[in-house]
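The chain contents come next:
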Amino acid sequence: MAMTTEEAKVVVPRNFRLLEELERGEKGIGDGTVSYGMDDADDIYMQSWTGTILGPHNTAYEGKIFQLKLFCGKEYPESPPTVRFQTRINMACVNPETGVVEPSLFPMLANWRREYTMEDILIKLKKEMMTSHNRKLAQPPEGTEEARADPKGPAKCCVM
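Scoring rules and cut-offs
Residues numbered from 1 in each chain as written. Predicted model: local features only at pLDDT ≥ 70, side-chain atom pairs only at ≥ 80, totals over all residues. Heavy atoms only, no water. UniProt positions renumbered as here; feature names shortened; annotations may be inferred. Phe/Tyr/Trp six-rings, centres within 6.5 Å; stacked < 30°, edge-to-face > 60°. Helix = DSSP H or I, 4+ residues; strand = E, 2+ residues; numbered from the N terminus. Buried < 20%, exposed > 50% of the residue type's maximum accessible area, 1.4 Å probe, protein only. Salt bridge = Lys/Arg side-chain N within 4 Å of Asp/Glu carboxyl O. Pairing = 2+ DSSP bridges. Axes fitted to C-alpha atoms, helices over the stretch in contact; angles between N-to-C directions. Contact = heavy atoms within 4.5 Å. Polar contact = N/O pair within 3.5 Å; in protein donor to acceptor, adjacent residues only side chain to side chain.

Looking at an unreviewed UniProt entry, the chain carries the name UBC core domain-containing protein, with the source organism given as Brassica carinata. Its UniProt record, at the heading Subunit (unreviewed entry), says of the chain: "Heterodimer with UBC35 or UBC36."

In structure tokens form, the structure reads like this:
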């Protein structure tokens, strides 16, 4: 009896998928202008991630480093993560008050597919910065980089 393509697909369990993404993130990806990793090494559910995008050349974002939080709920990768810029940014798909990447304005999240990864999201956001409607947008002035409040509670701070 022949297997259909649907039956032949192996669904990788959530934690194995996240471990693969963690390993890839730790190795460094692409040209080094996007990176990501675990936010909290003690998070056994691997839900809280942090990402970084270096502002692309010849855009209003050039020379800036953008920090993001990605939250992979229990339904990830079936459902997309929540993506939020920690660094203030002026971008068409980002809520200016909360920093949340609005799924309705960012097609990759709106049309999420299980195959997409956090790396894909960061690369796509970087490409979005280079689009004609975003590349020249005036950015918040330097010094307005205070961390946004974390909806799960106060931001963790490490003092040595």
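What follows is about the packing of aromatic side chains. Scanning the entire structure with this criterion turns up 5 aromatic pairs. Aromatic side chains F66 and F85 sit 6.3 Å apart centroid to centroid with 85° between the ring planes, which places their arrangement in the edge-to-face category. With F66 in strand β3 (residues 65-71) and F85 in strand β4 (residues 82-85), the pair connects residues that are 19 residues apart, well separated along the chain. Under the relative-accessibility criterion, F85 is labelled buried at 0%. One aromatic cluster is present, formed by Y61, F66 and F85 through successive ring pairs.

As a further point, take the pattern of salt bridges. Following the criterion strictly, the structure yields 7 salt bridges and no others. Put simply, E115 and R113 hold a salt bridge, and the shortest N to O gap is 2.9 Å.

Let us now look at the sheet that holds β3. Strands sit in the order β1-β2-β3-β4 across an open sheet of 4 strands; the sheet is antiparallel. Across the chains shown, the open sheet's two edge strands, defined by having one partner strand only, are β1 (34-38) and β4. Each strand axis lies, on average, 20° off the axis of its neighbour in the sheet, ignoring direction. Sheet topology note: the strand β2 (residues 48-54)/β3 ladder contains 7 bridges and is antiparallel. Counterpart to S48 in the pairing with β3 is F71. Across the sheet, helix α2 (residues 14-27) is in contact with β1 and β2; its angle to β1 comes to roughly 130°.

The next thing to look at is the side chain of T59. By the element assignment, T59 lies in the loop between β2 and β3. Residue T59 is classed as buried on the basis of its relative accessible area of 10%. In this structure the side chain of T59 is engaged in a polar contact, spanning 3.1 Å, whose partner is the backbone nitrogen of Y61.

On to the environment of I121. Relative to the helices and strands, I121 is located in helix α4 (residues 118-129). As for I121 and L109, which are separated by 12 residues in sequence, their C-alpha atoms are 8.2 Å apart.

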